[in-house]
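Breakdown of the fold
Single-letter residue listing:
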Amino acid sequence: MNQPIPEALPVVRHNLSSPCGAHVLARALKRHGVDVLFGQSLPSPLHLVIPEFGMRQIAYRTENAGGAMADGYARASQKVAVVTAQNGPAAALLAPALAEALKASVPIVAIVQEVRRNQTDKNAFQELDHFDVFRGVAKWVRRVADASRIEDYVDMAFTAAASGRPGPAVLLCPQDLLMEAVKPDVGGERRAALGAYPLDRSVADPQRIEAAAGLLAQAECPLIVAGGGVHLSGAHEALARVQELAALPVATSSMGKGAVTETHALSMGVIGYFMGTRGMARHMRALIDRADCVLFVGDRTNQNGTDSWTLFPKHARFIHIDIDGQEVGRNYEALRLVGDAKLTLEALGDALSRVDLSKRRNAQAAVEKEIVAGKAAFRNEAEPMLTSNAVPIRPERLMGDLSSLLTPNMQIVTDASYSSIWAMNYLNASFAGQRFLTGRGLAGLGWGLPAALGAKVAHPEREVVCIAGDGAFAHVWSELETAVRMKLKVIQIVLNNQILGYQWHAEEVMYGDHTDACQCEPVDHAAIARACGCEGVRVEDPADFKPALVRALAGSKTTVIDVMIDPRAYPPLTLYEGKIAYRVT
């Protein structure tokens, strides 16, 4: 039931009507379980009234970062995040962050201020066609024009964001609508709370589930590939049951990392274009080459995860579980299991328990032996880099030191480009459901630090560690001030090689030269951190990194650890195989 709109309290200093449209909007957000709004000043009426409902504003510096904060919050909290923006240029800056959320299936409700209703289409200040701005980066875009309909539209926005395949929804709110005086009972009684996801769950066709169980049971070399949809659905236990019941090897995409524990004898780790020299799953490629039945779960079968669609055998039979029917069979013709990953995997587990699994049980020991041998070969290949004392510092050494301090209560966030590749390969998921937040929807630079701040808002009790290259960190330096002002402690590791590494190396491989944009001038990121009121440490000797990280974890301030790394440290990309000389030590 609707809570009454609170009367203005003595501590309230604004001169808005009480109640007004902003109160109605705030009440609706609170009903959906919203505790925080990521927003700049505008829409001011909304941010001025939300304290009356026990909600907090997290004030970002730029809208693209604010959207990434909301994204990180939603991934870490399993709740729909809310971000706000002003009309015009601010709204345009928000669009890239929503594009990442759309691709990565992250539910966000964006509330965007519009010009006053009587100023529409008159070239008012910063007026823009927001429908055109957001149409390609959101599931749903609407404008509410009447105060009596605010709660209707808020419910529609949350339903769009959290139902089916999650994603962003945009609600456009004219400025004067939020200032308009309303009656205390406007909007009627509402009870629905729509702020958690998945909002609705459905299970795939039972007959097809039985068929899938039969295919897996009779396959010679079956394989499961788990994507980010396992995390979105909370399907970890159901997946682990299927893995154990039918002795099925499980690999993950980068966004699916942690869907199963990587220490399990049937867990292969992250596959895709990461399987080059010193890649986690490099020595298990034979298992994939022999696969005759591949089950995708919540996986987009995208370019990186399939090594440009060359990874899986053409002769294999494919099964695909996904909530989005358009993803099923997009790149691999498959037995269609359209439904929620958790419910469908639970039903698949039940179906597997009813079929003869002796073939799978008889093959289990050999499969486990092959996976264990592949992991041992990876460790032997990577060990010289994990313990390297070389200067400039090897990124693998940093990942090894970080891994030794990694606890279940620590949240790892990675930016795009090389930083995510180092983390995916050299940090282990020690339990099913451990999530590594990485912006791989569009993989745009600058996502990491703001997403880490959002994750910290979601779980203040966790230590949040973000890994980003210097090129990515340059996009969002300003949000260090946000961390200080909002009292959000995160640890930012900057992999500083003074180049745009992926761009430089890929251009060398593909074109034999690199463009002028790839070389950066030296920047002291630790000094920038200190100038913003954070701790800042510059690391040039690998022996100094782990002690700096230990101090940062024990401290109370956001800390930037600026690490000078080797610009010729190549991550395990298949693109580089045979084209770049990997150092032995």
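To be clear, the structure that these remarks concern was listed above.
Let me begin by describing the structure that accompanies this report. (Residues numbered from 1 in each chain as written. Predicted model: local features only at pLDDT ≥ 70, side-chain atom pairs only at ≥ 80, totals over all residues. Heavy atoms only, no water.)

1. Concerning the packing of aromatic side chains
Note the following rule: Between the rings of Phe, Tyr and Trp (Trp by its six-membered ring), a pair exists once the centres lie within 6.5 Å; its type follows the angle of the planes, with under 30 degrees stacked, over 60 edge-to-face, and the other angles tilted. Numbered from the N terminus, helices here are DSSP runs of H or I no shorter than four residues, and strands are runs of E no shorter than two. Relative accessibility decides the category of a residue: with a 1.4 Å probe and only protein chains considered, values under 20% of the type maximum give buried, values over 50% give exposed, and everything between is partly exposed.
Applying the stated criterion to the full structure yields 11 aromatic pairs. Taking the centre distance of 5.4 Å and the plane angle of 80 degrees together, the rings of Phe-296 and Phe-312 count as edge-to-face. Linking Phe-296 in strand E10 (residues 293-297) with Phe-312 in the loop between E10 and strand E11 (317-322), this pair joins segments that are 16 residues apart in sequence. You'll find Phe-296 and Phe-312 in the same group, each marked buried. Geometrically, the ring pair formed by Phe-318 and Tyr-332 is tilted, given 4.8 Å between the ring centres and 40 degrees between the ring planes. One end of the pair, Phe-318, is in strand E11; the other, Tyr-332, is in the loop between E11 and strand E12 (334-338), with 14 residues separating them in the sequence.

2. Let's talk about helix H21 (residues 545-554)
Heads up, the rule is: The arc in question is traced by the directions running from the helix axis to the C-beta atoms. Here, two residues are considered to be in contact whenever any of their heavy atoms come within 4.5 Å of each other.
For H21, the complete set of buried residues consists of Phe-545, Ala-548, Leu-549, Ala-552 and Leu-553. Mapping the buried residues of H21 onto a view down its axis gives an arc of 135 degrees, with all of them on the same face. Turned more than 90 degrees away from the buried face of H21 sit Arg-551 and Ala-554, all of them exposed. The inward-facing, buried residues of H21 abut helix H14 (395-405), strand E13 (410-414), strand E15 (463-469), strand E16 (491-496), strand E17 (535-539) and strand E18 (559-564).

3. Thoughts on the sheet that holds E12
For clarity, the cut-off: Pairing between strands is defined by DSSP: at least two bridges between the two strands are required. Axis angles are defined between N-to-C directions and span 0 to 180 degrees, where every axis is a line fitted to C-alpha atoms and, for a helix, only to the segment in contact.
With parallel pairing, the 6 strands of this open sheet are ordered in space as E9-E8-E7-E10-E11-E12. A strand with exactly one partner marks an edge of an open sheet, and here the two such strands are strand E9 (267-270) and E12. Sheet twist, expressed as the average angle between the axes of neighbouring strands with direction ignored, equals 15 degrees. The sheet contact formed by strand E7 (residues 222-226) and strand E8 (residues 250-252) spans 3 bridges and is parallel. By the bridge assignment, Ala-226 is partnered in E8 with Thr-252. Along the sheet, helix H8 (residues 206-218) contacts E7, E10, E11 and E12; its crossing angle with E12, the most-contacted strand, is approximately 135 degrees.

4. Some thoughts on the pattern of salt bridges
Our working definition: When a carboxyl oxygen of Asp or Glu is within 4 Å of a side-chain nitrogen of Lys or Arg, the pair counts as a salt bridge.
The full count for this structure, using the stated rule, is 35 salt bridges. Residues Glu-114 and Arg-143 are paired through a salt bridge, measuring 2.3 Å at the closest nitrogen-oxygen approach. Note that Glu-114 is positioned in strand E4 (residues 108-114) and Arg-143 in strand E5 (residues 140-143), a separation of 29 residues in sequence. Since its relative accessible area comes to 36%, Arg-143 is described here as partly exposed. The partner of Glu-220 in a salt bridge is Lys-359, with the nearest N and O atoms 2.6 Å apart. Placement of the pair is Glu-220 in the loop between H8 and E7 and Lys-359 in helix H13 (residues 358-386), with a sequence separation of 139 residues. We classify Lys-359 as partly exposed; its relative accessible area is 27%. A network of salt bridges, in which partner residues are shared, links Arg-27, Arg-31, Arg-149, Glu-151, Asp-152, Asp-155 and Arg-190.

5. Describing the environment of Val-537
Note that Val-537 resides in strand E17. The class of Val-537 is partly exposed, set by a relative accessible area of 23%. Expressed as a C-alpha distance, the spacing of Val-537 and Asp-524, which sit 13 residues apart in the sequence, is 9.5 Å. In contact with Val-537, other than residues within four places in its own chain, are Ala-526, Arg-530, Ala-548, Thr-559, Val-560, Ile-561 and Asp-562.

6. A look at the nonpolar core
For the record, the criterion: In plain words, nonpolar cores are sets of buried Ala, Val, Leu, Ile, Met, Phe, Trp, Tyr and Cys residues tied together by side-chain atoms within 4.5 Å.
Core analysis: the biggest nonpolar cluster contains 55 residues, and Phe-38, Phe-134 and Val-170 have the highest contact counts within it. Contact partners of Val-170, with chain neighbours within four places excluded, come to Leu-98, Ala-110, Val-112, Phe-134, Ala-138, Trp-140, Val-141 and Arg-142. One finds Phe-274, Phe-436, Val-539 and Tyr-576 within the second-largest nonpolar core, a separate group that totals 44 residues.

7. Topic: helix H10 (residues 236-245)
What H10 keeps buried is the set His-236, Ala-238, Leu-239, Val-242 and Gln-243. Burial along H10 is one-sided: seen end-on, the buried residues are contained in an arc of 165 degrees. Elements in contact with the buried residues of H10: E7, helix H9 (229-233), E8, E9 and helix H12 (341-352). Phi turns positive one or two residues past the end of H10, at Ala-247, with a value near 50 degrees.

8. Side note on the side chain of Asp-307
Mapped onto the fold, Asp-307 is located in the loop between E10 and E11. What makes Asp-307 buried here is its relative accessible area of 12%.

This is a description of form; function is not addressed.
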